[in-house]
Amino acid sequence: MTPPPAAAARLDSAPLPLPAKKSPAKKSSSRKAPARADRPFKGIALILLSTVFLGTSDATSKYLSATLPSIEITWIRFLVFTLIMSPAMLPGSPLYAMRTGSVGLQFVRGATLLGSSLFFISGLRFLPIAEASSTSFVSPLFVTALSIIFLSEKVGLRRWIATGVGLLGVLIILRPGTSAFHAAAFFPLVSALCWASTLIMTRMISGRDAAITTMAYSAIVGFGIMSMMVPFAWVTPTWHDILFGILIGVASTAGQWIVVLAFRYADASVLAPFSYTQLLWVSLLGFFIFGEVPDVWTITGAAFIVASGLYTAHRERVRHSQLLTVPGEPSSNA
């Protein structure tokens, strides 16, 4: 899957009890992330560009699912991802970035990212691309719940209401109990849950490892797990399949890296509204490539999910401002 960049909005300013500061004499050997720069227009331009790559990866995955099993498509994606990140994995390379003090978290994050990709691609095999993508954008709502458990964060009434609105949007799209419901609709939901877990792990790792370290571990973990699974579902690909598989890997990796760059120039709450343009791209690609036209239920449900995500991003910005004004005193309405 190509996870929605907007999902990160819940984590950009989330308070997290940090470990005790290290002694100045003890320096970390891992790479550190570059400093932030306040250039919102550049961040917005980058996030818009990322949605083109991510939407292309989603559409290509759906196209390839007609000839290859989801496990094999995901394996090819992570193979390309690993090859791209290989300079960061080779000892002696100037880009080597495998040193980390968070090996366990990195492996868990890699596994949840893999789950997000695998379940989303599995859903694309049976569902219209706009429906699968709209459902996957529910991940910020899962982050709200998971942040209570893993980040010890307090979630106020307004954010719970926003979460309820988003879940209502999911129900509108899926319509359980009707003839329109497809069991495969659970795949994007599980994918969204995995992506929310990935974001939680990312927040826990942030400040310890640079983005290149996290991406390198995600690539090698995903590729390692899929390499053990793919022999059981192997279908010999044609050169046509291989080329499209490479496109998936390159587009998804480029899209995710551009998202990382965008967050260096603007807050997630600023970028969130623009990341939802990914739904527009996948809908257009779904129409021109597969002849899929989103029905009124998908459009209505997506509107609920987007509204919920935007309001959540707005509350994060307000809450962050209040935390800066009154340190250690979170808003009761957050």
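Quick notes on the rules
- Residues numbered from 1 in each chain as written.
- Predicted model: local features only at pLDDT ≥ 70, side-chain atom pairs only at ≥ 80, totals over all residues.
- Heavy atoms only, no water.
- Helix = DSSP H or I, 4+ residues; strand = E, 2+ residues; numbered from the N terminus.
- Contact = heavy atoms within 4.5 Å.
- Areas by Shrake-Rupley, 256 points an atom, 1.4 Å probe, with all protein chains shown as cover.
- Core = buried A, V, L, I, M, F, W, Y, C linked by side-chain atoms within 4.5 Å.
- Buried < 20%, exposed > 50% of the residue type's maximum accessible area, 1.4 Å probe, protein only.
- Phe/Tyr/Trp six-rings, centres within 6.5 Å; stacked < 30°, edge-to-face > 60°.
- Polar contact = N/O pair within 3.5 Å; in protein donor to acceptor, adjacent residues only side chain to side chain.
- pLDDT = per-residue confidence, 0-100.
- Expected span 1.5 Å × (residues − 1).
- Axes fitted to C-alpha atoms, helices over the stretch in contact; angles between N-to-C directions.
- Parallel < 35°, antiparallel > 145°, perpendicular 65-115°, else oblique.
- Left-handed = near helix turned anticlockwise from the far one by under 90°.
- Nonpolar A, V, L, I, M, F, W, Y, C, P; charged D, E, K, R; others polar.
- Patch = residues over 30% accessible without salt bridge, like charges linked within 9 Å, V, L, I, M, F, W, Y side chains within 5 Å.
- Salt bridge = Lys/Arg side-chain N within 4 Å of Asp/Glu carboxyl O.

**Re the overall build of the protein chain**
For step 1, the next point in the chain: If you tally the helices and strands in the protein chain, you get 12 helices and zero strands.
For step 2, the next point in the chain: The order of α-helices and β-strands along the protein chain, N terminus first, is α-α-α-α-α-α-α-α-α-α-α-α.
For step 3, the next point in the chain: Residue pairs at least 24 apart in sequence account for 90% of intrachain contacts in the protein chain once pairs closer than 6 positions are excluded.
For step 4, the next point in the chain: By element, 72% of the accessible surface of the protein chain is carried by carbon and sulfur atoms, the whole surface being about 15,000 Å².

**Concerning the nonpolar core**
For step 1, the next point in the chain: Residues Phe 81 and Met 85 are the most contacted members of the largest nonpolar core, which totals 36 residues.
For step 2, the next point in the chain: Elements that contribute at least two residues to this core include exactly α2 (70-85), α3 (103-124), α5 (139-150), α7 (186-205) and α8 (211-229).
For step 3, the next point in the chain: Contact partners of Met 85, with chain neighbours within four places excluded, come to Ile 212, Met 215, Ala 216 and Ala 219.
For step 4, the next point in the chain: By size, the runner-up hydrophobic cluster in this structure holds 13 residues, among which are Ala 185, Ala 192, Tyr 276 and Ile 305.

**Describing the packing of aromatic side chains**
For step 1, the next point in the chain: Applying the stated rule across the entire model yields seven aromatic pairs.
For step 2, the next point in the chain: With centroids separated by 6.0 Å and ring planes inclined at 70 degrees, the aromatic side chains of Phe 107 and Tyr 217 adopt a geometry described as edge-to-face. Pair noted here: Phe 107 is in helix α3 and Tyr 217 is in helix α8, with a separation of 110 residues, a long-range link.
For step 3, the next point in the chain: In this structure Phe 107 comes out as partly exposed when scored by relative accessible area, which is 42%.
For step 4, the next point in the chain: Residue classification places Tyr 217 among the buried positions, given a relative accessible area of 8%.

**Structural notes on the side chain of Thr 213**
For step 1, the next point in the chain: Residue position: Thr 213 is located in helix α8.
For step 2, the next point in the chain: Only 2.9 Å separates the side chain of Thr 213 from the backbone oxygen of Ala 97, close enough to count as a polar contact.

**Looking at the side chain of Ser 191**
For step 1, the next point in the chain: In this structure, Ser 191 sits in helix α7.
For step 2, the next point in the chain: A distance of 2.7 Å separates a polar atom in the side chain of Ser 191 from the backbone oxygen of Ser 116.

**What about the environment of Thr 300?**
For step 1, the next point in the chain: Here Thr 300 is to be found in helix α12 (residues 296-325).
For step 2, the next point in the chain: Once the C-alpha coordinates of Thr 300 and Ile 172 are considered, the two residues, 128 residues apart in sequence, prove to be 7.3 Å apart.

**A closer look at the confidence of the model for the protein chain**
For step 1, the next point in the chain: Per-residue pLDDT for the protein chain averages 80, and the proportion of residues at 70 or more is 80%.
For step 2, the next point in the chain: Confidence, expressed as mean pLDDT per element, reaches its minimum in the protein chain at helix α10 (residues 268-275) with 71 and its maximum at α2 with 95.
For step 3, the next point in the chain: Confidence drops under pLDDT 50 across residues 6-29; counting only partners more than four residues distant or on other chains, this segment forms 50 contacts.
For step 4, the next point in the chain: Here residues 326-334 is a poorly scored stretch, pLDDT under 50, and it has 14 contacts once near neighbours within four places are set aside; other chains count.

**Some thoughts on α3**
For step 1, the next point in the chain: Spanning 22 residues, α3 covers 32 Å between terminal C-alpha atoms, matching the ideal 32 Å at 1.5 Å per step.
For step 2, the next point in the chain: Most of α3 is tucked away: 16 of the 22 residues are buried.

**Some details on the packing of α2 against α3**
For step 1, the next point in the chain: The contact between α2 and α3 brings their axes to 9 Å, and the two run at 135 degrees. Classified by the angle between their axes, α2 and α3 sit oblique to one another. Considering only the axes of α2 and α3, their crossing is right-handed. For the pair α2 and α3, contact is made by Ser 70, Ile 71, Ile 73, Thr 74, Arg 77, Phe 78 and Phe 81 and by Leu 113, Leu 114, Ser 117, Leu 118, Ile 121 and Ser 122, respectively.
For step 2, the next point in the chain: Looking at the contact of α2 with α3, its residues break down into eight nonpolar, four polar and one charged.

**What to know about the packing of helix α1 (residues 40-64) against α3**
For step 1, the next point in the chain: Following both chains from N to C, one finds α1 and α3 inclined at 60 degrees, their axes separated by 8 Å at the closest point. The angle between α1 and α3 places the two elements in the oblique class. Regarding α1 and α3, the two cross each other, and that crossing is right-handed. Where α1 approaches α3, its residues Asp 58, Ser 61 and Lys 62 are matched on the opposing element by Phe 120, Ile 121 and Leu 124.
For step 2, the next point in the chain: A breakdown of the residues in the contact of α1 with α3 according to their chemical character gives three nonpolar, one polar and two charged.

**Observations concerning a nonpolar patch on the surface**
For step 1, the next point in the chain: Taken together, the side chains of Val 52, Tyr 63, Leu 280, Trp 281, Leu 284, Phe 287, Phe 288, Ile 289 and Val 293 define a hydrophobic patch exposed on the protein surface, amounting to about 880 Å² of accessible area.
For step 2, the next point in the chain: Listed by contribution, the elements that provide at least two residues to the nonpolar patch are α1 and α11 (277-290).
For step 3, the next point in the chain: Counting residues per element, the nonpolar patch draws most heavily on α11, at six residues.
For step 4, the next point in the chain: With respect to the helices, strands and loops of the structure, Phe 288 is situated in helix α11.
For step 5, the next point in the chain: Under the relative-accessibility criterion, Phe 288 is labelled exposed at 65%.

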